[in-house]
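A closer look at the structure
One-letter residues, chain by chain:
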Amino acid sequence: EKMISFTKNLHKHLNIQHYLKSDFVLHPKKGIFLTQICTSPDLREGSHFEQSCKYIGAEMSHIIEHFLEKTLNKKV
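Residues numbered from 1 in each chain as written. Predicted model: local features only at pLDDT ≥ 70, side-chain atom pairs only at ≥ 80, totals over all residues. Heavy atoms only, no water.

1. A short note on the packing of aromatic side chains
Rules: Each pair of aromatic rings taken from Phe, Tyr and Trp, with Trp reduced to its six-membered ring, is defined by centres within 6.5 Å and is described as stacked if the planes are under 30 degrees apart, edge-to-face if over 60, and tilted in the remaining cases.
Tallied over the full model, the rule gives four aromatic pairs. Three or more aromatic residues joined by ring pairs make a cluster, and in this case those are Tyr19, Phe49 and Phe67.

Structure (structure tokens):
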């Protein structure tokens, strides 16, 4: 629950609306440490992003198309 809450707050704080991959290390005595933030997906074959798309039954190209549409249609 703490990691989900932390990640949601990270999204809000960084104003990331479409994609955020965050890596954490969990230390048994010192808690949770954020080790890496990626704001653009890895589009290579076998990447975490591709695996996540497959897991939910989505095509990677459809997700990218959605990101682009949302970004390009965003009112400034």
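2. Concerning the layout of surface pockets
Filter applied, for reference: Here a cavity denotes grid points, spaced 1 Å and computed from the protein atoms alone, that fit a 1.4 Å probe unable to get out, and a pocket denotes an open set having protein on both sides within 12 Å along at least 5 of 7 lines; residues with an atom within 4 Å of a point are the lining. Grid points are joined across faces, edges and corners, and a volume is the space filled by probe spheres set on the points.
Approximately 190 Å³ is the volume attributed to the largest pocket. Along the walls of the largest pocket sit 13 residues, with His18, Tyr19, Thr39, Phe67 and Thr71 positioned nearest its centre.

3. As for the confidence of the model for the chain
Using the following cut-off: On a scale of 0 to 100, pLDDT captures the predictor's confidence in every residue. Each helix is a run of DSSP H or I of at least 4 residues and each strand a run of E of at least 2, with the numbering of both proceeding from the N terminus.
Predicted confidence across the chain gives a mean pLDDT of 87, with 96% of residues reaching 70 or more. Predicted confidence in the chain is weakest over helix H1 (residues 2-14), with a mean pLDDT of 86, and strongest over helix H2 (residues 48-56), with 92.

4. Remarks on unusual backbone geometry
Of note, Asn15 is a non-glycine position whose phi angle comes to about 55°, a positive value. Within the secondary structure, Asn15 sits in the loop between H1 and strand S1 (21-27).

5. Examining a nonpolar patch on the surface
Rules: Patch construction takes residues with relative accessible area above 30% that form no salt bridge. Like charges are linked within 9 Å, and nonpolar side chains (Val, Leu, Ile, Met, Phe, Trp, Tyr) are linked within 5 Å. Per-residue and other accessible areas were derived by the Shrake-Rupley procedure at a 1.4 Å probe size, with only the shown protein chains allowed to occlude residues. Take a side-chain nitrogen of Lys or Arg and a carboxyl oxygen of Asp or Glu: if they are within 4 Å of each other, that pair is a salt bridge. Burial status follows relative accessibility: with a 1.4 Å probe on protein chains alone, a residue under 20% of its type maximum counts as buried, one over 50% as exposed, and anything between as partly exposed.
A cluster of nonpolar residues, Phe6, Leu14, Leu34 and Ile37, forms a patch on the protein surface that exposes about 310 Å² of accessible area. For the nonpolar patch, the secondary-structure elements that each account for two or more residues are H1 and strand S2 (31-38). For Leu34, the location among the structural elements is in strand S2. Leu34 gets classed as partly exposed once you look at its relative accessible area, which sits at 33%.

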